[in-house]
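Residue-level structural notes
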Amino acid sequence: MTIEGSFSITQWDEDTLSERAEGIKVSQASIKQVYSGDMSGESNVEFLMSYQSQMSAQFTGFETFVGVINGLRGTVTFQHKGKFESGVARSDFESIKDSATGELVGKTLRGSFTSGESGKADYTLEVDDA
(Lines give C-alpha, C1' and ligand atoms only; values in the text may rest on other atoms or scores of the structure.)
Protein backbone atom coordinates (compact mmCIF):
# COMPACT_ATOMS: atom_id res chain seq x y z
CA MET A 1 0.00 0.00 0.00
CA THR A 2 1.35 3.43 -0.95
CA ILE A 3 0.69 6.46 1.21
CA GLU A 4 1.76 10.06 0.73
CA GLY A 5 1.87 13.51 2.23
CA SER A 6 4.37 16.18 3.15
CA PHE A 7 6.64 17.26 5.96
CA SER A 8 8.06 20.59 7.05
CA ILE A 9 11.44 21.19 8.60
CA THR A 10 10.98 23.05 11.87
CA GLN A 11 14.64 23.14 12.97
CA TRP A 12 17.98 22.67 11.20
CA ASP A 13 21.30 22.81 13.08
CA GLU A 14 24.36 22.05 10.93
CA ASP A 15 28.00 21.87 12.02
CA THR A 16 30.99 21.59 9.69
CA LEU A 17 33.23 18.66 10.64
CA SER A 18 35.96 19.26 8.03
CA GLU A 19 36.39 21.66 5.13
CA ARG A 20 38.68 22.09 2.12
CA ALA A 21 38.81 24.63 -0.71
CA GLU A 22 35.95 25.26 -3.17
CA GLY A 23 33.19 24.40 -0.68
CA ILE A 24 34.21 20.75 -0.29
CA LYS A 25 33.26 19.81 3.25
CA VAL A 26 31.73 17.22 5.56
CA SER A 27 29.04 18.31 7.96
CA GLN A 28 26.53 16.90 10.43
CA ALA A 29 22.95 18.18 10.66
CA SER A 30 20.37 17.68 13.41
CA ILE A 31 16.88 18.26 12.02
CA LYS A 32 13.34 18.32 13.42
CA GLN A 33 10.37 17.72 11.11
CA VAL A 34 6.56 17.69 11.31
CA TYR A 35 4.61 15.30 9.04
CA SER A 36 1.10 15.62 7.63
CA GLY A 37 -0.98 13.42 5.37
CA ASP A 38 -1.17 9.63 5.74
CA MET A 39 1.89 9.90 7.98
CA SER A 40 1.35 12.40 10.80
CA GLY A 41 3.69 13.14 13.66
CA GLU A 42 7.20 14.40 14.34
CA SER A 43 10.71 13.18 13.69
CA ASN A 44 14.30 13.82 14.63
CA VAL A 45 16.90 13.30 11.90
CA GLU A 46 20.70 13.06 12.04
CA PHE A 47 22.43 13.43 8.65
CA LEU A 48 26.10 13.25 7.71
CA MET A 49 26.64 15.22 4.51
CA SER A 50 29.53 15.31 2.04
CA TYR A 51 29.43 18.51 0.00
CA GLN A 52 31.19 18.48 -3.37
CA SER A 53 30.28 22.18 -3.77
CA GLN A 54 27.80 24.59 -2.16
CA MET A 55 25.10 23.22 -4.50
CA SER A 56 25.91 19.49 -4.46
CA ALA A 57 26.03 16.97 -1.61
CA GLN A 58 25.51 13.31 -0.78
CA PHE A 59 23.96 12.46 2.60
CA THR A 60 23.12 9.52 4.80
CA GLY A 61 21.56 9.28 8.22
CA PHE A 62 18.88 8.10 10.58
CA GLU A 63 15.41 9.45 11.29
CA THR A 64 13.28 8.55 14.31
CA PHE A 65 9.57 9.11 13.64
CA VAL A 66 6.87 9.25 16.34
CA GLY A 67 3.22 9.36 15.33
CA VAL A 68 0.69 7.63 13.09
CA ILE A 69 1.36 5.95 9.73
CA ASN A 70 -1.76 4.96 7.80
CA GLY A 71 -3.78 4.75 11.04
CA LEU A 72 -1.10 2.77 12.93
CA ARG A 73 0.40 4.48 16.00
CA GLY A 74 4.03 3.94 17.03
CA THR A 75 7.65 4.85 16.43
CA VAL A 76 10.10 3.71 13.76
CA THR A 77 13.68 4.50 12.71
CA PHE A 78 14.50 5.01 9.04
CA GLN A 79 17.88 4.87 7.33
CA HIS A 80 18.35 7.47 4.54
CA LYS A 81 20.55 7.66 1.45
CA GLY A 82 20.17 10.84 -0.53
CA LYS A 83 21.59 13.70 -2.53
CA PHE A 84 21.22 17.45 -2.82
CA GLU A 85 21.62 19.07 -6.25
CA SER A 86 20.66 22.53 -7.52
CA GLY A 87 18.51 23.34 -4.50
CA VAL A 88 16.59 20.03 -4.43
CA ALA A 89 17.11 17.25 -1.88
CA ARG A 90 16.02 13.68 -2.62
CA SER A 91 16.32 10.62 -0.43
CA ASP A 92 15.30 6.99 -0.41
CA PHE A 93 14.71 5.59 3.06
CA GLU A 94 13.76 2.29 4.68
CA SER A 95 12.76 1.24 8.17
CA ILE A 96 15.45 -0.50 10.20
CA LYS A 97 14.43 -4.07 11.04
CA ASP A 98 13.03 -4.41 14.58
CA SER A 99 13.11 -0.63 15.20
CA ALA A 100 9.31 -0.17 15.17
CA THR A 101 7.12 0.01 18.26
CA GLY A 102 3.38 -0.02 18.94
CA GLU A 103 1.09 -0.83 16.03
CA LEU A 104 4.00 -0.45 13.56
CA VAL A 105 5.74 -3.61 14.82
CA GLY A 106 6.10 -6.13 12.01
CA LYS A 107 5.73 -3.55 9.22
CA THR A 108 8.32 -2.90 6.52
CA LEU A 109 8.34 0.74 5.43
CA ARG A 110 10.14 2.04 2.33
CA GLY A 111 9.85 5.48 0.87
CA SER A 112 11.33 8.56 -0.69
CA PHE A 113 11.07 12.32 -0.45
CA THR A 114 11.75 15.28 -2.69
CA SER A 115 12.31 18.70 -1.15
CA GLY A 116 12.95 22.23 -2.33
CA GLU A 117 14.63 25.04 -0.42
CA SER A 118 11.34 26.11 1.19
CA GLY A 119 11.78 23.58 4.02
CA LYS A 120 8.79 21.54 2.81
CA ALA A 121 9.01 18.11 1.18
CA ASP A 122 6.64 15.60 -0.39
CA TYR A 123 6.99 11.94 0.54
CA THR A 124 5.64 8.59 -0.62
CA LEU A 125 5.81 5.51 1.57
CA GLU A 126 5.15 1.81 0.94
CA VAL A 127 3.75 -0.06 3.96
CA ASP A 128 4.06 -3.87 3.94
CA ASP A 129 3.62 -6.61 6.50
CA ALA A 130 7.07 -8.08 7.18
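It should be noted that the structure appears before, not after, this text.
Residues numbered from 1 in each chain as written. Predicted model: local features only at pLDDT ≥ 70, side-chain atom pairs only at ≥ 80, totals over all residues. Heavy atoms only, no water.

Considering the overall build of the protein
A count of helical and extended segments in the protein gives 0 helices and 8 strands. Reading the protein from its N terminus to its C terminus gives the helix and strand order β-β-β-β-β-β-β-β. The C-alpha atoms of the protein give a radius of gyration of 15 Å, which matches the 14 Å a tight globule of 130 residues would have. Classification of the 130 residues of the protein by burial places 38% in the buried group. In the protein, of all internal contacts separated by at least 6 residues, the share reaching a separation of at least 24 is 45%. (Helix = DSSP H or I, 4+ residues; strand = E, 2+ residues; numbered from the N terminus. Rg over C-alpha atoms; globule rule 2.2 N^0.38 Å. Buried < 20%, exposed > 50% of the residue type's maximum accessible area, 1.4 Å probe, protein only. Contact = heavy atoms within 4.5 Å.)

A word on the sheet that holds strand E4 (residues 56-69)
Strand order in the closed barrel formed by 8 strands is E1-E2-E3-E4-E5-E6-E7-E8, with antiparallel pairing between adjacent strands. Averaged over all pairs of adjacent strands, the angle between their axes in this sheet comes to 25 degrees, without regard to strand direction. (Pairing = 2+ DSSP bridges. Axes fitted to C-alpha atoms, helices over the stretch in contact; angles between N-to-C directions.)

Some details on a nonpolar patch on the surface
Taken together, the side chains of Leu17, Val26 and Leu48 present a nonpolar region at the surface, about 260 Å² in accessible area. Positionally, Leu17 belongs in strand E1 (residues 2-19). (Patch = residues over 30% accessible without salt bridge, like charges linked within 9 Å, V, L, I, M, F, W, Y side chains within 5 Å. Areas by Shrake-Rupley, 256 points an atom, 1.4 Å probe, with all protein chains shown as cover. Salt bridge = Lys/Arg side-chain N within 4 Å of Asp/Glu carboxyl O.)

Quick notes on the nonpolar core
Met39, Ile69, Val76, Phe78, Phe113 and Leu125 are the most contacted members of the largest nonpolar core, which totals 26 residues. By residue number, the principal contributor to this core is strand E3 (residues 39-53), which donates 5 residues. What Phe78 contacts, discounting residues up to four positions off in sequence, is Met39, Gly61, Phe62, Glu63, Phe65, Ile69, Phe93, Glu94, Ser95, Ile96, Leu109 and Leu125. (Core = buried A, V, L, I, M, F, W, Y, C linked by side-chain atoms within 4.5 Å.)

Section: the side chain of Ser91
Summarising the element assignment, Ser91 is placed in strand E6 (residues 88-95). Of note is the side chain of Ser91, whose polar atom sits 2.8 Å from the side chain of His80. In terms of polar contacts, Ser91 uses its side chain to reach the backbone carbonyl oxygen of Lys81, at 3.4 Å. Excluding its chain neighbours within four sequence positions, the residues that come into contact with Ser91 are Phe59, His80, Lys81, Gly82, Gly111, Ser112 and Phe113. (Polar contact = N/O pair within 3.5 Å; in protein donor to acceptor, adjacent residues only side chain to side chain.)

As far as function goes, none of this settles anything; it's purely spatial.
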